[in-house]
Amino acid sequence: MKKIFSILLTVLLLGSFAFATELSPAQVGEELSDFEASLLDGSTFKLSEHRGKVVMVNVWATWCPPCVGEMPDLEKLSQDYADQLVILGLNCGEAKATVADFIEENGYTYPIALDEQYELNMSLFYTDAIPYTVIINPEGVVTQTHLGMADYATFESYILEALGDSAGQEQAGEEAAEQAA
């Protein structure tokens with residue numbers, strides 16, 4: 001009976017590992033694994049729900065001067081490209097109250113996710129330093145990663161590149177469909 005129980009337990013454990021979803025780190029040129037993150041406002045951000053737009057994930061913390069320094073440009077980008085871009089500020093390791101106070105004090109309106117246990121940071125957005133930004137095109141493919149502080153013009157060039165990649169892929173698909181017809 002112990003042998004049967006042991007075998008059954010082993011099969012169940014191996015089966016559960018086989019069906020577990022593993023998140024792969026962001027790599028330029030590869031589709032980013034779908035993920036969910038809890039937002040500061042209590043809602044949930046799910047990457048796949050933002051297909052059709054560029055998604056910029058910015059890993060940051062309130063104690064990081066370069067992170068804080070680029071946030072006004074991120075806010076402006078989120079407004080200037082509201083129809084084509086979603087910026088997700090991924091706070092790593094800080095308590096909700098600390099982040100909420102900072103966001104309210106500074107008036108930022110783009111979505112802020114909390115990664116208090118570094119789960120997303122260690123799986124999808126691993127970095128040795130912050131700020132760290134990942135640009136994902138409308139099809140879900142990582143087009144750029146940036147370590148360190150950047151300004152409006154630099155981020156805008158990444159966004160336009162991701163939008164251009166998307167337009168190029170759509171046009172190639174349309175041309176292929178026309179040739180097949």
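Per an unreviewed UniProt entry, the protein chain is named TlpA family protein disulfide reductase, and its organism is Candidatus Pullichristensenella excrementigallinarum. Per its UniProt entry, the protein chain bears the Subcellular location (unreviewed entry) comment "Cell envelope".

Taken as a whole and judged by the stated rule, the model has one disulfide. Covalently, cysteine 64 is tied to cysteine 67 through a disulfide, its sulfur atoms 2.4 Å apart. One disulfide, between cysteine 64 and cysteine 67, carries an S-S torsion of 75 degrees and so falls in the right-handed class. The exposure class of cysteine 64 is buried, given its relative accessible area of 4%.

It is worth spelling out the nonpolar core at this point. With 51 residues, the main nonpolar core has Leu32, Phe35, Ile103 and Phe125 as its most contacted residues. Those elements that provide at least two residues to this core are strand S3 (54-60), helix H2 (65-80), strand S4 (85-92), helix H3 (96-106), strand S5 (112-115), strand S6 (132-136) and helix H5 (152-180). Apart from the residues lying within four places of it in its own chain, the contact partners of phenylalanine 125 are Leu32, Phe35, Val57, Val59, Leu90, Leu120, Tyr132 and Val134.

On to the sheet that holds S4, then. Strand order in the open sheet formed by five strands is S5-S4-S3-S6-S7, with mixed pairing between adjacent strands. Of all strands in the sheet, those with a lone pairing partner are S5 and strand S7 (142-147), marking the two edges. Sheet twist, expressed as the average angle between the axes of neighbouring strands with direction ignored, equals 20 degrees. Note that S3 and S4 share seven bridges and pair parallel. Looking across to S4, one finds that valine 54 is bridged to leucine 85. Each of S3, S4 and S5 is contacted by H3, which is oriented at about 160 degrees to S5, the strand it contacts most.

Rules used throughout
- Residues numbered from 1 in each chain as written.
- Predicted model: local features only at pLDDT ≥ 70, side-chain atom pairs only at ≥ 80, totals over all residues.
- Heavy atoms only, no water.
- UniProt positions renumbered as here; feature names shortened; annotations may be inferred.
- Disulfide = S-S within 2.5 Å.
- Buried < 20%, exposed > 50% of the residue type's maximum accessible area, 1.4 Å probe, protein only.
- Core = buried A, V, L, I, M, F, W, Y, C linked by side-chain atoms within 4.5 Å.
- Helix = DSSP H or I, 4+ residues; strand = E, 2+ residues; numbered from the N terminus.
- Contact = heavy atoms within 4.5 Å.
- Pairing = 2+ DSSP bridges.
- Axes fitted to C-alpha atoms, helices over the stretch in contact; angles between N-to-C directions.

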